[in-house]
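Read off the chains here:
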Amino acid sequence: MQLTQGIHRAVLVHPERIALACGDRSFTWRQFKSRVAALAGAMRIRGVETGDRVAMLAANSDRYVEFYFATLWAGGVILPVNTRWSAQEVRACFDDAEPKLIFADESNWNLAHTLGTERGLTPAAIAVADWEALIAESMPMPDACRSGEDLAALFYTGGTTGRAKGVMLCHRNFFANSMMHIANLGLGEPDAVHLHVSPMFHVAGGARLFSVTMAGATHAVLPNFDPDAFLAAIERHKVTVTVVVPTVLNRLVNHDSLDRYDLSSLRLLSYGASPMPEALLQRAMSRLPGIEFLQSYGMTELSPVATMLLPRYHVFDGPDAGFTRSAGQPVYNADVVIMDARDNPLPAHVVGEVCVRGPMVMQGYWRAPEQTAAVVRDGFMHTGDAGYLDDRGFLFLVDRVKDMIITGGENVYSVEVENVLYQHPAINECAVIGIPSEAWGESVHAVVTFKSGLSATAAEIVEFAKARLSHFKAPKSVSFHDGELPKSGAGKILKSDLKKPFWSGEQRGIH
């Protein structure tokens, strides 16, 4: 259960196969191993010892991939930092994790230098001006060969609603996740190429680096998502599999130039991180015929996947139909149980909290044993998601527990309402939230954006929903948002930001 083992195997099995491609740069597995060993040597010279944290503050690139594996090769702990955080949030992360070395790209150099200097780091330990020179001038070091329960990475999560917590994920956690992904994503195929566009500071993007490397497949990297760049990369690198979030998929299927690119190599499109509206999934499958779809559900604390909806269930008729609104079934090594507020298991079709046990569950929150004990009980990670299991073990998510709206004593799950609103021909994005109501405690409110050239009135949207939902579930009010809805670094819509104007000054505060 050693995360660098895939490098050694790839060099043995196919040393001249392309390991990593980004823009005009590409490296074989033999070259990749040499570069990782040299970069690890540079880290060791700069004081990185076993268990020390090494931070990266940068956009995606091939260098980010090298950073991941060089840190492990040197015996360190990967500390990816969210580039969308404020300086104060990055400072809080550094104060908590205490990195020994900080890498940054050009756009984040000044912040890295300022915060590194505050921490008393030497100039040599703060960022790198010339990555290629650093590798060329450094002596390669042997692989530290850390594995098993050794800490591999700290991923910080939860910073949008409070102080971010460092999620401790070990080699065993990622190894379990990778074995499952290799089998389900086709990464073991001789032509497998994975396109990375999800931010590598997020575990959904970061964990895929381990899966691809352990399979000895090819990494293709984009710095960020742009529809044309994304589609061009699939064509250029003959990408076979990639992963996106629903908000990105929405931009793809509405992109005018989608049909101009050769996507014939793409066999599988994986998605996750937030609920997929069924209307969007149907549009995507229609516009991308011949490509299989796979959904993953999980969270950072689960390294990150607990359930999968496999391609065979992405159908709308026949014996395997009826599951596209589910998050799939548990992966091979996961126990998924629905529990009530007293941690009692609930029967099928009864809504409760989704709880997961298995080798994917985090070691805990960094330096926060009380917070760890609050969510990991009897080996089960309490996810904070509300859902139920059916008779065949398919997981149906109804909402985040904190996002459930209680209006007039009735529970309204925002995901259900959003699924209906996404069927409206004019709506591009939407988020359903609870806002204060003297009469009902909370009322259902929708925030929407429109597709280019289309629009609708609030009354029309409300009537559209009422025709398809129980009236208490339909939005009582609608507001319109210019541009995209606010999103986290992982591409999730930030409902907490949308709630703030409504709950400011309210005694109950923001849910």
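Analysis parameters
Residues numbered from 1 in each chain as written. Predicted model: local features only at pLDDT ≥ 70, side-chain atom pairs only at ≥ 80, totals over all residues. Heavy atoms only, no water. Disulfide = S-S within 2.5 Å. Buried < 20%, exposed > 50% of the residue type's maximum accessible area, 1.4 Å probe, protein only. Phe/Tyr/Trp six-rings, centres within 6.5 Å; stacked < 30°, edge-to-face > 60°. Helix = DSSP H or I, 4+ residues; strand = E, 2+ residues; numbered from the N terminus. Pairing = 2+ DSSP bridges. Axes fitted to C-alpha atoms, helices over the stretch in contact; angles between N-to-C directions. Contact = heavy atoms within 4.5 Å.

### Describing the state of the cysteines
Overall, the coordinates contain zero disulfides when judged by the stated rule. C170 provides the cysteine sulfur closest to C93, a residue in no disulfide bond, and the two sulfurs are 19 Å apart. Judged by relative accessible area, which is 3%, C93 ranks as buried.

### A closer look at the packing of aromatic side chains
In the structure shown here, the tally under the stated rule is 17 aromatic pairs. Ring centres of F67 and Y68 lie 6.0 Å apart, and the angle between their planes is 85°; this geometry places the pair in the edge-to-face category. Neither F67 nor Y68 differs from the other in exposure class; each is buried. With a centroid separation of 6.3 Å and an interplanar angle of 70°, the aromatic rings of F155 and F174 are classed as edge-to-face. Of this pair, F155 sits in strand β6 (residues 151-157) while F174 is found in helix α7 (residues 171-185), placing the two residues 19 residues apart along the sequence. The class for F155 is buried, based on a relative accessible area of 1%. F174 sits in the buried class, given a relative accessible area of 1%. Chaining the aromatic ring pairs together yields one cluster made of W29, F32, Y64, F67, Y68, F69, F103, W131, F155, F174 and F210.

### Some details on the sheet that holds strand β24 (residues 441-450)
Spatially, three strands are ordered β23-β24-β25 in an open sheet, and the strand pairing comes out mixed. For this open sheet the edge positions go to β23 (427-437) and β25 (477-480), each flanked by a neighbour on one side alone. The mean angle between the axes of side-by-side strands here comes to 30°, regardless of whether they run parallel or antiparallel. Inspection of the sheet shows β24 paired to β25 by four bridges, in the parallel sense. Among the inter-strand pairings, H445 is bridged to a residue of β25, identified as S477. Strand contacts of helix α13 (residues 414-421): β23 and β24, with the helix running at about 140° to β23, the strand carrying the most contacts. Packing against the sheet, helix α14 (residues 458-466) makes contact with β23, β24 and β25, and its axis sits at approximately 130° to β25.

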